[in-house]
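Here is how the chains run, residue by residue.
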Amino acid sequence: MGWSLTIPPKIWDRLSDHVLGSAARGAVLLAGLADGPRGPRLLARELILADEGTDYVPGEFGHRALAPTFVRDAVIRARDEGLAYIAVHAHLGLDHVGFSEIDLASHERGYPSLGQISGQVVGALVLTDHAAAGDLWLPDGRREELAETIVPTGNLLRLRSQPAAEGCPDSLHDRQARLLGDLGQETLRRLRVAVVGLGGVGSILVEELARLGVGELVLIDDEAVEKTNLPRLVASELGDIGRLKTELAARNARRANPDVHLTEIAQRVERPESLEELVRCDWIFLAADGDAARHWVNAAVQQYLVPATQVGVKVPLTPQGEVGQIHTATRLVLPGSGCLWCNRLIDPTRLAIDMHPAEEREAAQYIPGVPAPSVITLNTLAAAEAVNHFVLSVVGLHDEEGDHASVIHRPRTRQRDLQNPRQGQNCRWCTSSGQLGLGRRGSTPL
Ligand SMILES: [Zn+2]
Ligand SMILES: [Zn+2]
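Residues numbered from 1 in each chain as written. Chains lettered and ligands numbered in written order. Predicted model: local features only at pLDDT ≥ 70, side-chain atom pairs only at ≥ 80, totals over all residues.

Here we take up the overall build of the protein. Counting its regular elements, the protein contains 11 helices and 18 strands. For 446 residues, the compact-globule estimate of 2.2 N^0.38 gives 22 Å, and the protein sits close to it at 23 Å. Across its three principal axes, the protein shows a C-alpha extent of roughly 80 × 50 × 40 Å. With 446 residues in all, the protein has 47% of them scored as buried. Considering only contacts in the protein between residues 6 or more positions apart, those separated by 24 or more positions represent 67%. (Helix = DSSP H or I, 4+ residues; strand = E, 2+ residues; numbered from the N terminus. Rg over C-alpha atoms; globule rule 2.2 N^0.38 Å. Buried ≥ 20, exposed ≤ 12 C-beta atoms within 10 Å, placed from the backbone. Contact = placed C-beta atoms within 7 Å.)

Structure follows, in structure tokens:
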């Protein structure tokens, strides 16, 4: 439990270049505030870099410090935008970091009055390459330590003031812990993961996440099981027809891991009950068809800085019934990288239809009642790619931190291709200038 700070990858790259580079300069992050799975989350939205010499100067106490005018301007911006003010600097070191006596004395002199000016959280973050510590001053006078700083990049970086304590070796998961480490296993146990859409792909995702030992799952789907679903739903039986898909997924998750915590939401993702849970997760898997689900998950990623994986299978058929290029897609959706809108994966017309009540939706379909082909083996291919990526990311085993590529399988030609997401320059959702997007929770209906 405790406060955390999430920094979008592109802001992190600029911040760490600036403060961890050879010149060791200072900066300020402005951050929104949201509820998180383990306590309040600060969501870094803007980065203000201090220029060497004018903004970052030798301080009164023989220590480099942010210049008073720079601090004043940044605090006023924080006040006007209703954001937390977090001053950032770096120390030498590896996986341990803490504030110096001089740092702490300056916090005690400065932060009570800065907090009064801004009326928001104020504080400081100190970094090394592999560690981060934070000292937060709350508007009600409390002072909190930052438990962790999270950067959702190719590897899900989680920086603390010292390495996390290893959990007790867990005999159930002994074999996988030999790859992921006891610490990795403990990390999985502490995560809260949402699965949106519990059909063919979602059912496999839930089975795998629960067996891996993910501690908490949020299951979202408003549909009931139909007979034609049975060939693709893990461990389903004839007697399950008519049951909610959330119920079935919950039963399987408990069989796989009796200790798992479950939140079942038999609603469409755009319902407030669903969105509220979705944005309090560490990761979202999107396995629902439909543009509304894509739109809302994309919004949650960008506004609340929660990474997501979109998983889909496409079997194109011509009107004559000829099979085209079958493909599965596993797409990483990260805050501040090319989003689902930028990559034309949300269609405004279909989104508008999808937001209507069920009866109206059906009436608006151009070709009603032609079900798409769906096969368990294709679903498995896409789901396995998605969960593998997730596991390697949370335990930090990806070779390339900056690799955000989507994976496309084309089973007919036995190809596996990587596809880098495109980003529109002025996307309203995933760029810092966007009016709806990055870290902007609270300013839109979500
Ligand atoms: Zn310091
Ligand atoms: Zn975008």
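One frequent convention defines the size of an interface as the accessible area lost when the parts assemble. Once the domains are mapped, the protein shows domain 1 (3-159) and domain 2 (174-419). The distance between the C-alpha centroids of domain 1 and domain 2 comes to 35 Å. In this assembly, 15 residues from domain 1 lie in contact with 21 residues from domain 2. Among the secondary structure elements, those contributing two or more residues to the side of domain 1 that touches domain 2 are helix 1 (9-20) and strand 2 (27-36). When the residues that make up the side of domain 1 that touches domain 2 are grouped by side-chain class, the tally is 8 nonpolar, 5 polar and 2 charged. (Domains from an automatic or database assignment. Nonpolar A, V, L, I, M, F, W, Y, C, P; charged D, E, K, R; others polar.)

As a further point, take the environment of Val-301. In this fold, Val-301 is placed in helix 8 (residues 291-304). For the pair Val-301 and Leu-334, spaced 33 residues apart in sequence, the C-alpha to C-alpha distance is 6.6 Å. Dropping the residues within four chain positions of it, Val-301 is found in contact with Val-306, Pro-307, Ala-308, Val-333 and Pro-335.

Right, let's get into the packing of helix 2 (residues 68-81) against helix 3 (residues 101-118). To describe two helices that pack against each other, one gives the angle between their axes and the distance between the axes. It is at 8 Å that the axes of helix 2 and helix 3 come closest, and there the two elements cross at 40°. When the interaxial angle is binned, helix 2 and helix 3 end up oblique. Note on element contacts: helix 3 touches helix 2 through Leu-114, Ile-117 and Ser-118, opposite Val-75, Ala-78 and Arg-79. The residue inventory of the contact of helix 2 with helix 3, partitioned by class, reads 4 nonpolar, 1 polar and 1 charged. (Axes fitted to C-alpha atoms, helices over the stretch in contact; angles between N-to-C directions. Parallel < 35°, antiparallel > 145°, perpendicular 65-115°, else oblique.)

Where helix 5 (residues 200-212) contacts helix 11 (residues 376-394), the axes come no closer than 9 Å and their chain directions differ by 40°. Of the possible angle classes, the one that applies to helix 5 and helix 11 is oblique. Along this stretch, helix 5 crosses helix 11, giving a crossing that reads as right-handed. Of the residues in helix 11, those in contact with Gly-200, Val-201, Ile-204, Leu-205, Glu-208, Leu-209 and Leu-212 of helix 5 are Ile-376, Asn-379, Thr-380, Ala-382, Ala-383, Ala-386, Val-387 and Val-391. Looking at the contact of helix 5 with helix 11, its residues break down into 11 nonpolar, 3 polar and 1 charged. (Left-handed = near helix turned anticlockwise from the far one by under 90°.)

Before going further, it helps to examine the pairing of strand 3 (residues 39-49). With 3 bridges joining them, strand 1 (residues 3-6) and strand 3 adopt parallel strand pairing. Bridge pairing in strand 3 places Leu-5 opposite Leu-42. Relative to strand 3, strand 2 runs antiparallel, the two sharing 10 bridges. From the neighbouring strand, Gly-36 faces strand 3, where its bridge partner is Gly-39. (Pairing = 2+ DSSP bridges.)

Pairing between sheet strands relies on hydrogen bonds along the backbone, with the strands arranged either parallel or antiparallel. Pairing is mixed in the open sheet, where 8 strands are placed in the order 13-12-11-14-15-16-17-18. With one partner strand each, in any of the chains shown, strand 13 (261-265) and strand 18 (415-419) form the two edges of the open sheet. Ignoring strand direction, the axes of neighbouring strands in this sheet form an average angle of 15°. Bridge analysis of strand 12 (residues 216-220) against strand 13 gives 5 bridges, and the strand direction is parallel. The residue bridging Leu-217 from the neighbouring strand is Leu-262, located in strand 13. Each of strand 12 and strand 13 is contacted by helix 6 (residues 245-256), which is oriented at about 170° to strand 13, the strand it contacts most.

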